[in-house]
Protein chains: 2
Amino acid sequence: MVTSHWTAAPAQASLRRRGAVLERAILDAALEQLSTVGWKGLTMEGVAAGAQTGKAAVYRRWPSKEDLVADALHAALPRIEEVPDLGDVRADLLALCRRTRDAMFSRPGLALRAVIHECDPVQAERLHAVIIKGLVEPTVQLLREVVTRGIERGEVRSDAANGYVFDAIPAMMMYRSKVCASEWSDRDLEEVIDQLMLPLLRPTRG
Amino acid sequence: MVTSHWTAAPAQASLRRRGAVLERAILDAALEQLSTVGWKGLTMEGVAAGAQTGKAAVYRRWPSKEDLVADALHAALPRIEEVPDLGDVRADLLALCRRTRDAMFSRPGLALRAVIHECDPVQAERLHAVIIKGLVEPTVQLLREVVTRGIERGEVRSDAANGYVFDAIPAMMMYRSKVCASEWSDRDLEEVIDQLMLPLLRPTRG
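About the thresholds
Note that residues are indexed from 1 along each chain, following the sequence as it is written. Labels are handed out in written order, letters beginning with A for the chains and numbers beginning with 1 for the ligands. The predicted nature of this model means local features are confined to residues of pLDDT at least 70 and side-chain atom pairs, given and counted, to a pLDDT of 80 or more, with totals for whole chains, interfaces and linings taken over all residues. For side-chain calculations, the full set of non-hydrogen atoms in the structure is used, while hydrogens and water are omitted. A run of H or I in DSSP counts as a helix once it spans at least four residues, and a run of E counts as a strand once it spans at least two, with each numbered from the N terminus. What a helix is expected to span follows from its residue count: subtract one and scale by 1.5 Å. Bend angle per residue: angle between axes fitted to the 7 residues ending at that residue and the 7 residues starting there. Whether a residue is buried, partly exposed or exposed follows from its accessible area with a 1.4 Å probe, protein chains only, as a fraction of its type maximum: under 20%, in between, or over 50%, in that order. Polar contact is defined as a pair of N or O atoms within 3.5 Å, subject to the rule that within protein one atom must be able to donate a hydrogen and the other to accept it, and that residues adjacent in sequence are counted only when both atoms are side-chain atoms. Least-squares fitting of one copy onto the other uses the C-alpha atoms of those residues that reach a pLDDT of at least 70 in both copies. By the convention used here, residues are in contact when the closest approach between their heavy atoms is within 4.5 Å. Basic side-chain nitrogens of Lys or Arg form a salt bridge, by our definition, when they fall within 4 Å of a carboxyl oxygen of Asp or Glu. Lines fitted to C-alpha atoms define the axes, with helix axes restricted to the stretch in contact, and inter-axis angles between N-to-C directions lie between 0 and 180 degrees. For classification purposes, angles smaller than 35 degrees are called roughly parallel, those larger than 145 roughly antiparallel, those between 65 and 115 roughly perpendicular, and all remaining angles oblique. The classification used treats Ala, Val, Leu, Ile, Met, Phe, Trp, Tyr, Cys and Pro as nonpolar, Asp, Glu, Lys and Arg as charged, and all other residues, Gly among them, as polar.

Caption draft 1: Region of the structure containing helix α9 (residues 163-179) of chain B. Residues and elements named next belong to chain B. Given a rise of 1.5 Å per residue, 17 residues ought to cover 24 Å, and the 23 Å separating the end C-alpha atoms of α9 matches this to within 8%. Along α9, the helix axis deviates most sharply at Ile169, where the bend reaches about 30 degrees; the proline Pro170 sits within four residues downstream. Burial analysis of α9 places 16 of its 17 residues in the buried class, which makes it a mostly covered element. By the N-cap criterion, in which a side-chain oxygen at the helix start approaches the backbone nitrogen of a residue two or three places on, α9 is capped by Asn162, the distance to Tyr164 being 3.0 Å. Just downstream of α9, Ala181 is the residue with a positive phi angle, here 55 degrees.

Caption draft 2: Representation of the relation of the copies chain A and chain B in the model. Superposing chain A onto chain B takes a rotation of 180 degrees combined with a translation of 0.0 Å along the rotation axis, leaving an RMSD of 0.0 Å. The transformation just described matches what one would write down for a two-fold rotation axis. Considering only C-alpha atoms, the residue of chain A closest to the rotation axis is Leu200 of chain A, which sits at 2.1 Å. Mapped onto chain B, 100% of the interface residues of chain A are again interface residues, and the two copies thus contact each other with one and the same surface.

Caption draft 3: Summary view of the environment of Gln52 of chain B. By the element assignment, Gln52 of chain B lies in the loop between α3 (44-50) and α4 (55-61). Sequence spacing of Gln52 of chain B and Ile26 of chain B is 26 residues, and the spatial spacing of their C-alpha atoms is 8.5 Å.

Caption draft 4: Region of interest: the pattern of salt bridges. Taken as a whole, this structure holds 38 salt bridges over all chains when the rule is applied. One salt bridge in this structure joins Arg176 of chain A and Asp167 of chain B, with 2.8 Å as the shortest N-O distance. Placement of the pair is Arg176 of chain A in helix α10 (residues 163-179) and Asp167 of chain B in helix α9, with the two residues belonging to separate chains. The salt bridge partner of Arg107 of chain B is Glu32 of chain B, with a shortest N-O separation of 2.9 Å. Of this pair, Arg107 of chain B sits in helix α7 (residues 107-118) while Glu32 of chain B sits in helix α2 (residues 19-41), and the two are 75 residues apart along the sequence. A residue is classified by how much of its surface remains accessible, and Glu32 of chain B, at 37% relative accessible area, is partly exposed.

Caption draft 5: Here's a closer look at the environment of Pro63 of chain B. By the element assignment, Pro63 of chain B lies in the loop between α4 and α5 (65-76). When the C-alpha positions of Pro63 of chain B and Ala49 of chain B are compared, they lie 17 Å apart, and in sequence the two are 14 residues distant.

Caption draft 6: Fine view of the packing of α10 of chain A against α9 of chain B. Contact geometry of α10 of chain A with α9 of chain B gives a least axis separation of 7 Å together with a crossing angle of 95 degrees. With respect to each other, α10 of chain A and α9 of chain B are oriented roughly perpendicular. For the pair α10 of chain A and α9 of chain B, the contacting residues are Gly163, Tyr164, Asp167, Ala168, Pro170, Ala171, Met172, Met174, Tyr175, Arg176, Lys178 and Val179 of chain A in the first and Gly163, Tyr164, Asp167, Ala168, Pro170, Ala171, Met172, Met174, Tyr175, Arg176, Lys178 and Val179 of chain B in the second. Classifying every residue of the contact of α10 of chain A with α9 of chain B by side-chain character gives 16 nonpolar, 2 polar and 6 charged.

Structure follows, in structure tokens:
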């Protein structure tokens, strides 16, 4: 009897993998779907096929698409733990921007952007919370550190540590990626720092 | 014989309307679909139903969804023609921000945001061009006018008239609408001007 590799493999694979290994494969497949077909294109069937398992194995762990995507994002969100103190605010900002750019264009970053752009944040409150806690708040915290160091060095005005200043870089990176299809070369990052951030941060009397 | 109003009306209506009137109804229906079900949810069938006409009437004028949406956006894009000179840069910026906010939350504004967020700008080049020419460039032009007036008055540093400065407000408005679900109250607009724009624009020594 001739057995197709493609039809036989999934069933065999799902029999072999258990617990954490299968879970990991399903979360990976969800991320892969998010970064290719997006939030609206993602289906539980597609994820099951990608993970070479059955739909029941997916539904057993995650009753809904929202549950699955929340866990997949939580597990994979790009983490930028710290920004080294390079001695001046320009160098610190550039280091942070480079890491943010690299995270944005990674597979989890693309998956995340699919969710941010396709979901209405009011409707998708659960996913929104994952993004805020997992990405937005840590990034703002790092920007706060960089700005605070600059204030301590006397390079940055003392009232610059506020939410509008912290949001300026993430806002600009999202806007130009969407509207101008910018991929944020190193040169683009230097320009946004020199033309936007440094004038914004400089002490009131110069 | 009992005739349902809802099933009978479309065929009768499509017989009565001609040319520009029917065209207008189809473009309106496309905009309605964009602002409710979004770019990916929009179908030629749905637009035909919304305009109370047949699918053939839609395809006769617009061979593809891209063609139809490009024309619908072009016809409806919110236009902000000018910003009155109110005598200082803060008042001018606030007037411009209020008009931008009102346009963003209008029906054509919601339709436009559906396209911006759901379409990959590289793939949807045609729609992208409509948005850039119809909305981004005119907004940047108005910001340039406001900043240039500020430079002439001596309120704004002379090197502030650049693309990063012009993009800061649109970027912040898009980012906080998506990530924080901000609806941009008048108070939010005043804060972004006072905490972001005025520090960014102020003269180097001052």
